[in-house]
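Here's the letter readout for the chains.
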Amino acid sequence: MNAHSRTLLAVICEAALEKRLLADLETLGAPGWTISDARGRGHRGVRSAGWDTEGNIRLEIICNRELAERIAEHLQARYYDHFAMVCYLAQVEVLRGEKF
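Bear in mind the structure is a predicted one, so any value in this text is a computation, not a measurement.

Reading the values: rules and limits
Residues numbered from 1 in each chain as written. Predicted model: local features only at pLDDT ≥ 70, side-chain atom pairs only at ≥ 80, totals over all residues. Heavy atoms only, no water. Helix = DSSP H or I, 4+ residues; strand = E, 2+ residues; numbered from the N terminus. Buried < 20%, exposed > 50% of the residue type's maximum accessible area, 1.4 Å probe, protein only. Contact = heavy atoms within 4.5 Å. Areas by Shrake-Rupley, 256 points an atom, 1.4 Å probe, with all protein chains shown as cover. Pairing = 2+ DSSP bridges. Axes fitted to C-alpha atoms, helices over the stretch in contact; angles between N-to-C directions. Core = buried A, V, L, I, M, F, W, Y, C linked by side-chain atoms within 4.5 Å. Arc of directions from axis to C-beta.

### Observations concerning the overall build of the protein
A tally of regular secondary structure across the protein gives two helices and six strands. Beginning at the N terminus, the succession of helices and strands in the protein can be written as β-α-β-β-β-β-α-β. Within the protein, the fraction of its 100 residues that count as buried is 35%. Taking as baseline every contact in the protein between residues at least 6 positions apart, the subset at least 24 positions apart corresponds to 75%. For the protein, the computed accessible surface area is about 6300 Å², with 48% contributed by carbon and sulfur atoms.

### Section: the sheet that holds strand S6 (residues 85–94)
Read from one edge of the open sheet, four strands run S2-S5-S1-S6, paired in antiparallel fashion. Of all strands in the sheet, those with a lone pairing partner are strand S2 (34–38) and S6, marking the two edges. The average undirected angle you get between the axes of adjacent strands in this sheet is 25 degrees. With ten bridges joining them, strand S1 (residues 4–14) and S6 adopt antiparallel strand pairing. Each residue of the ladder has a partner; that of threonine 7, found in S6, is glutamine 91. Against the sheet, helix H1 (residues 18–28) contacts S1, S2, strand S5 (56–63) and S6, and its axis sits at roughly 10 degrees relative to S5. Contacts between helix H2 (residues 65–79) and the sheet are confined to S1, S5 and S6, with S6 contributing the most and set at about 175 degrees to the helix.

### Some thoughts on the pairing of S5
Sheet analysis places S1 next to S5, joined by eight bridges and oriented antiparallel. Residue pairing for S5: valine 11 is matched across the bridge by leucine 59. Of the pairings in the sheet, the one linking S2 to S5 comprises five bridges and is antiparallel in character. Across the sheet, the residue bridging to serine 36 is arginine 58, located in S5.

### Re the nonpolar core
Counting residues in hydrophobic clusters, the biggest one holds 22 residues, and the most contacted among them are Leu9, Val11, Leu21, Ile71, Leu75 and Met85. Among the secondary structure elements, those contributing two or more residues to this core are S1, H1, S5, H2 and S6. Considering every element that reaches this core, the biggest residue donor is H2, with six residues. Excluding residues that lie within four positions of it along the chain, leucine 75 makes contacts with Val11, Leu21, Asp24, Tyr80, Met85 and Cys87.

### With respect to H1
Of all the residues in H1, the buried ones are Leu21, Asp24, Leu25 and Leu28. Buried residues of H1, viewed axially, fall in a sector of 100 degrees; they line one side. Turned more than 90 degrees away from the buried face of H1 sit Lys19, Glu26 and Thr27, all of them exposed. In this structure, the buried residues of H1 make contact with S1, S5, H2 and S6.

As structure tokens, this is what we get:
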């Protein structure tokens with residue numbers, strides 16, 4: 001097994017942002033992403049799961065550290081002040097490094 005180090009950028013935010021975020025990711029050069037519905041509770045209250053605009057989504061991007069930080073900085077500057085959003089970075093090991 002030959003693992004390759006990459007960075008996981010996870011974003012949990014309002015589902016209403018999905019189309020905007022996907023356009024941003026295209027522009028910023030993300031190699032790919034995964035979106036799933038999410039639910040939970042934070043300082044803005046309880047959020048239901050579901051794909052309507054009242055729910056949350058979890059967006060995950062695996063890429064190199066530089067790109068992950070650039071995307072996170074963009075999201076923070078553009079969305080943090082007006083939307084419920086949490087971003088975090090984690091180092092991950094992938095088995096098919098050429099895909100990321």
